[in-house]
Amino acid sequence: DAPSKAELFGHALQTNLGTTTTRKAWFSSTMYSTRRGYPICGSVVHMLGSLWAQTGGHDNVEQIEALLSDIVASGPEGKALVQYRLAGTMKGLEERLAPNGQDPFEVSLRRRLQEDVKGLPYEASTQKASSQICISDGHGRQCTFSWP
């Protein structure tokens, strides 16, 4: 059986990287806390995958997530350290995918989509009708890909 998401990522890493606000109710002594998780969950998953890959895939990804969660839970400095690592990773990706970067967005996406099409069943990859996809990165860069 495959473990559930709760079993794989049960240390609330993304939630703990986010913010917590506490306020008192107006006409009572009740306190309310609101937690908002780190807004870019893909970066958290990317960081976990990257750290796991750096171990050669030998460590258990659950152990890596637990270690990161312990660092975040250690206090504001630990939380800031992990957030800084995430920000650096995202900045590196942005620079790599920039038009003059090491692997520009359009070139990178086109290459990866071509690899994906190779994995399609024969019938889907040789159909008479063509398929087209247009993807934008939110910074004005886009890639249009057609197959077959």
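Quantities reported herein were computed from a predicted structural model and do not represent experimental measurements.

Draft legend 1. Structural view of the pattern of salt bridges. Applying the stated criterion across every chain yields a total of three salt bridges. As a salt-bridge pair, K91 and E95 come within 3.9 Å of each other at their nearest N and O atoms. Remark: E95 and K91 occur in helix α5 (residues 76-97); sequence separation between them is four residues, near one turn of the helix. K91 sits in the partly exposed class, given a relative accessible area of 45%. On the accessibility criterion, E95 (49% relative accessible area) is partly exposed. Measuring nitrogen to oxygen at the nearest pair gives 2.9 Å for the salt bridge that ties R110 to E106. With R110 and E106 both in helix α6 (residues 105-118) and four residues apart, this pair spans about one turn of that helix. Look at R110 and you get partly exposed, because its relative accessible area is 27%. Judged by its relative accessible area of 38%, E106 is partly exposed.

Draft legend 2. View of the packing of helix α3 (residues 41-54) against α5. The N-to-C vectors of α3 and α5 enclose an angle of 90 degrees; their axes lie 10 Å apart at closest approach. On the basis of their axis angle, the class for α3 and α5 is roughly perpendicular. Every residue of α5 that contacts α3 at S43, V44, H46, M47, L51 and Q54 is listed here: V82, R85, L86, T89, M90 and L93. Here the residues of the contact of α3 with α5 sort into seven nonpolar, four polar and one charged.

Each value, and the rule that gives it
Residues numbered from 1 in each chain as written. Predicted model: local features only at pLDDT ≥ 70, side-chain atom pairs only at ≥ 80, totals over all residues. Heavy atoms only, no water. Salt bridge = Lys/Arg side-chain N within 4 Å of Asp/Glu carboxyl O. Helix = DSSP H or I, 4+ residues; strand = E, 2+ residues; numbered from the N terminus. Buried < 20%, exposed > 50% of the residue type's maximum accessible area, 1.4 Å probe, protein only. Axes fitted to C-alpha atoms, helices over the stretch in contact; angles between N-to-C directions. Parallel < 35°, antiparallel > 145°, perpendicular 65-115°, else oblique. Contact = heavy atoms within 4.5 Å. Nonpolar A, V, L, I, M, F, W, Y, C, P; charged D, E, K, R; others polar.

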